[in-house]
Amino acid sequence: MLDNPWAQFALILAIALVAAALVTVAATVSTRLTGRRKSWPAGLVRRARAPFRALAFLVAAWIAVTVAFPLREWRPVLDQAFTILVIGATAWLLGALVAFTTDLTLGRYRIDVPDNRLARRIRTQTLIVKRLAIVLIVVLAIGAALLTFPAVRAVGASVLASAGIASIVAGLAAQSVLANIFAGLQIVFSDALRVDDVVVVEGEWGRVGEITLSYVVLDLWDERRLVLPCTYFTTTPFQNWTRRGSELLGAVELDLDWRVSPARMREHLDDVLAHTDLWDGRASVLQVTEATGGYVRVRILVTARDAPTLFDLRCLVREAMVTWTQAAMPTALPVQRVLMTEPGGPAVQAHEPTPQDAGLFTGSAEAEARADTFTQAIPVVSSGDEQDQSSKSTATREETTERT
């Protein structure tokens, strides 16, 4: 029976496949024993088990075909097919290792904890590097698979000869795509924007949910999604509320009547902040910033640990101060005053004071010195000087007439 070449091939193929199975089992066991008290071996086995087994069985079958396949005229075709399959399995295994490394890194840097600025930066950069690595692996695998065809290798020489022109044409055709890719890399590695950052873009407040090589996805506060190209964040100003930290300062403004008491409002503000966990205790200020247009503008500044907490705190303070003003100081509520007059009544003669001679540029030595800075060398003639010059001119004319 062993004299049959197909029987020999089947036996060798079975032995190779069994050996491949033993190698995969040994690799799994050794990996688990190496990290017995750690959690990473389980993740590595979960990610790499399938591609590693596929690669091992393909290599074993390839060896069996090379050693004992009866039909030698089919071996070049089978060798090329196995080469392409092994390239694909290798790319699959490398992608699984990249995914495992990404999971390991993201597991060490969690973003669901306070003070997670470093973790958000590492997470953003890790996700971008993962995408770049996977794209590079796929491109290299496709290129290696295509090079197994002799016709493609022949075309490759002519393509390399005209690589300069081709690169220029490709660059012009994919200008916007390349600009977005480089913008994405610039955003990530300059630490200007990170996943989970709170930003204000185009008047919309939201959180960065995803950063890719071409676009950024914002999860807005009302559960909408705003998708923007990466070039937007490198060419347009935007607000990043968590660039250095998540703490924020917010304002609450109230327009009240002139009879309001800011001192009593400060006392009530302290009482409101003392009974809420939304306030982080860093700052609380109540000031009168405007007193025009018939109203007094009271501005309250409070601080919170992050943007959502600050929003709720501002709403709480605003409601508490409005309710308290209605109950404790109803006279401080904003009102519109209208002056009623009798039509056709006699005009009231007002005794206006006589205007003073002192002004900005006249009436005192300081004012005249101030005026000199504008007149410079132009002579300033006073009224007394004008009378003297007039009398001198009259005397000169009379003397000339007598001589005549």
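All values derive from a computational prediction rather than experimental measurement. (Residues numbered from 1 in each chain as written. Predicted model: local features only at pLDDT ≥ 70, side-chain atom pairs only at ≥ 80, totals over all residues. Heavy atoms only, no water.)

## Considering the environment of D312
Summarising the element assignment, D312 is placed in helix α10 (residues 307-328). By relative accessible area, D312 is classed as partly exposed at 44%. Expressed as a C-alpha distance, the spacing of D312 and W279, which sit 33 residues apart in the sequence, is 9.9 Å. (Helix = DSSP H or I, 4+ residues; strand = E, 2+ residues; numbered from the N terminus. Buried < 20%, exposed > 50% of the residue type's maximum accessible area, 1.4 Å probe, protein only.)

## Remarks on the sheet that holds strand β2 (residues 204-211)
Here five strands make up an open sheet; going across it, the order is β4-β3-β2-β1-β5 and the pairing antiparallel. Two strands close off the open sheet at either side, each with one partner strand: β4 (225-229) and β5 (239-240). Here two bridges tie strand β1 (residues 198-201) to β5, and the two strands are oriented antiparallel to one another. Looking at β5, one finds that V199 is bridged to N240. (Pairing = 2+ DSSP bridges.)

## Focus: the packing of aromatic side chains
A full pass over the atoms with the stated rule returns five aromatic pairs. Both rings, one in Y232 and one in F233, keep their centres 5.4 Å apart while their planes meet at 80°; by these two values the pair is edge-to-face. The same class applies to Y232 and to F233, which are both buried. Cluster of aromatic residues (ring-pair linked, three or more members): W205, W241 and F311. (Phe/Tyr/Trp six-rings, centres within 6.5 Å; stacked < 30°, edge-to-face > 60°.)

## A look at the UniProt feature "transmembrane region" (unreviewed entry) in the protein chain
This chain's UniProt record puts "transmembrane region" (unreviewed entry) on residues 6-29, 50-69, 81-106, 127-149 and 155-174. The distance from the first to the last C-alpha atom of residues 127-149 is 34 Å, and the span holds 87% helix and 0% strand. (UniProt positions renumbered as here; feature names shortened; annotations may be inferred.)

## Let's talk about unusual backbone geometry
For E202, which is not glycine, the phi dihedral falls at a positive 55°. By secondary structure assignment, the location of E202 is in the loop between β1 and β2. Although it is not a glycine, E223 sits at a positive phi angle of roughly 70°. Tracing the sequence through the fold places E223 in the loop between β3 (215-220) and β4.

## Some words on the sheet that holds strand β7 (residues 284-290)
Spatial ordering of the open sheet is given by β6-β8-β7, a layout of three strands whose pairing is antiparallel. Looking at which strands have only one partner, the edges of the open sheet turn out to be β6 (248-256) and β7. Each adjacent strand pair in this sheet contributes to an overall mean axis angle of 25°, direction not counted. Judged from the nine bridges that link them, β6 and strand β8 (residues 296-304) form a sheet pairing that is antiparallel. What sits directly across from A251, in β8, is L301. Helix α9 (residues 262-274) rests against β6, β7 and β8 of the sheet, and its axis sits at about 150° to β7. Packed on one face of the sheet, α10 meets β6 and β8 and runs near 25° to β6. (Axes fitted to C-alpha atoms, helices over the stretch in contact; angles between N-to-C directions. Contact = heavy atoms within 4.5 Å.)

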